[in-house]
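Okay, here's what each chain looks like letter by letter:
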Amino acid sequence: LGASYAHNHDLLISAEYEIQMLSSEIKTSETRLIGGRPVTSAVRSDVTTNTQIGRLGARYKLHPRITVRSGVQAMDLNHDSISLQPTAGFSLHLPFDKLSPAIDYAFMREPSNISTMHVFSIRLQL
């Protein structure tokens, strides 16, 4: 679920709420005594978990060729310990009109929260 608000085509504020559901099957073995003899059987159980994620971000066009971005992602909203992952970046829109190329950069934390990442990309409008 998401929503955004644009003001004068220069400022964009967005919010998003996501639920990720994961179903898995756990197999264990169980040993019981039947008639005085140990009998081992396989036991299956299904487990379903979910993660709730909230995102909030903003984009501001400083100049026709420069856009800056910032945001934060909150992981595990349904648990007591919420993990916050901030991010920031910018886009440089190059002055070639045919493909409208842009260079994007973002600085963010890795999903494991151990270190940070620098993400570069080149965008072409085909």
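Heads up: these notes are all about the structure in this document. Per chain, the residues get numbers from 1 upward, laid out in the order the sequence is written. Per-residue local features of the predicted model are confined to residues with pLDDT of at least 70, and side-chain atom pairs are confined, for both listing and counting, to 80 or more; whole-chain, interface and lining totals are unaffected and use all residues. Only heavy atoms go into the side-chain values, all of them from the structure, while hydrogens and water stay out.

Now for the layout of surface pockets. Grid spacing is 1 Å over the protein atoms alone, the probe is 1.4 Å, and a cavity is where that probe fits but cannot get out, while a pocket is an open set with protein on both sides within 12 Å along at least five of seven lines and lining residues have an atom within 4 Å of a point. Grid points are joined across faces, edges and corners, and a volume is the space filled by probe spheres set on the points. Approximately 500 Å³ is the volume attributed to the largest pocket. Along the wall of the largest pocket there are 26 residues; nearest its centre are G57, S70, G71, V72 and T87. The helix and strand labels rest on DSSP assignments: H or I over at least four residues marks a helix, E over at least two residues marks a strand, and numbering proceeds from the N terminus. When contributions to the lining of the largest pocket are tallied by element, the ones reaching two or more residues are β2 (11-34), β3 (37-63), β4 (66-75), β5 (83-93) and β6 (102-109). All residues other than Ala, Val, Leu, Ile, Met, Phe, Trp, Tyr, Cys, Pro, Asp, Glu, Lys and Arg, Gly among them, are scored as polar; the first ten of these are nonpolar and the last four charged. Across the lining of the largest pocket, the residue classes tally to 12 nonpolar, nine polar and five charged.

Our next topic: the sheet that holds β2. Strand pairing is assigned whenever DSSP detects at least two bridges linking the two strands. Ordered in space as β1-β2-β3-β4-β5-β6-β7, the seven strands form an open sheet in which the pairing is antiparallel. The open sheet has two edge strands with one neighbour each: β1 (2-7) and β7 (116-123). Strand-to-strand twist in this sheet, taken as the mean axis angle between neighbours without regard to direction, amounts to 15°. Pairing of β5 with β6 involves seven bridges; the strand directions are antiparallel. Looking at the pairing, F90 lines up with Y105 of β6. Axes here mean lines fitted to C-alpha atoms, for a helix over just the part in contact, with angles spanning 0 to 180 degrees between N-to-C directions.

On the surface, a nonpolar cluster with roughly 1100 Å² of combined accessible area is contributed by L1, Y5, I13, Y17, I19, M21, L56, V72, L77, I82 and L84. With four residues, β2 is the largest single contributor of residues to the nonpolar patch. Note on placement: I13 falls in strand β2. To count toward a patch, a residue needs a relative accessible area above 30% and no salt bridge. Like charges then connect within 9 Å, nonpolar side chains (Val, Leu, Ile, Met, Phe, Trp, Tyr) within 5 Å. What sets the accessible areas is the Shrake-Rupley method with a 1.4 Å probe; for residues, cover comes only from the shown protein chains. A pair is scored as a salt bridge if a Lys or Arg side-chain nitrogen falls within 4 Å of a carboxyl oxygen belonging to Asp or Glu.

Below, the discussion takes up the packing of aromatic side chains. A pair of Phe, Tyr and Trp rings is counted when the ring centres sit within 6.5 Å of each other, with Trp represented by its six-membered ring. The angle between the planes then sorts it: under 30 degrees is stacked, over 60 is edge-to-face, the rest tilted. If you walk through the whole model with that rule in mind, you get two aromatic pairs. Seen in terms of ring centroids, F90 and Y105 are 5.3 Å apart; in terms of plane orientation they differ by 40°. Their pairing is tilted. Taken together, the residues F90 in strand β5 and Y105 in strand β6 connect sequence positions 15 residues apart. Only protein chains enter the accessibility calculation, which uses a 1.4 Å probe; a residue is then buried when its area is under 20% of its type maximum, exposed when over 50%, and partly exposed in between. Overall, the relative accessible area of 32% leaves F90 in the partly exposed class. The buried category is assigned to Y105, whose relative accessible area is 17%. Judged by centre distance (4.9 Å) and plane angle (45°), the ring pair of Y105 and F120 falls under tilted. Taken together, the residues Y105 in strand β6 and F120 in strand β7 connect sequence positions 15 residues apart. Take F120: its relative accessible area is 61%, and that puts it in the exposed class. Through a chain of ring-to-ring contacts, the aromatic side chains of F90, Y105 and F120 assemble into a single cluster.

No statement about biological role is implied by the geometric values presented.
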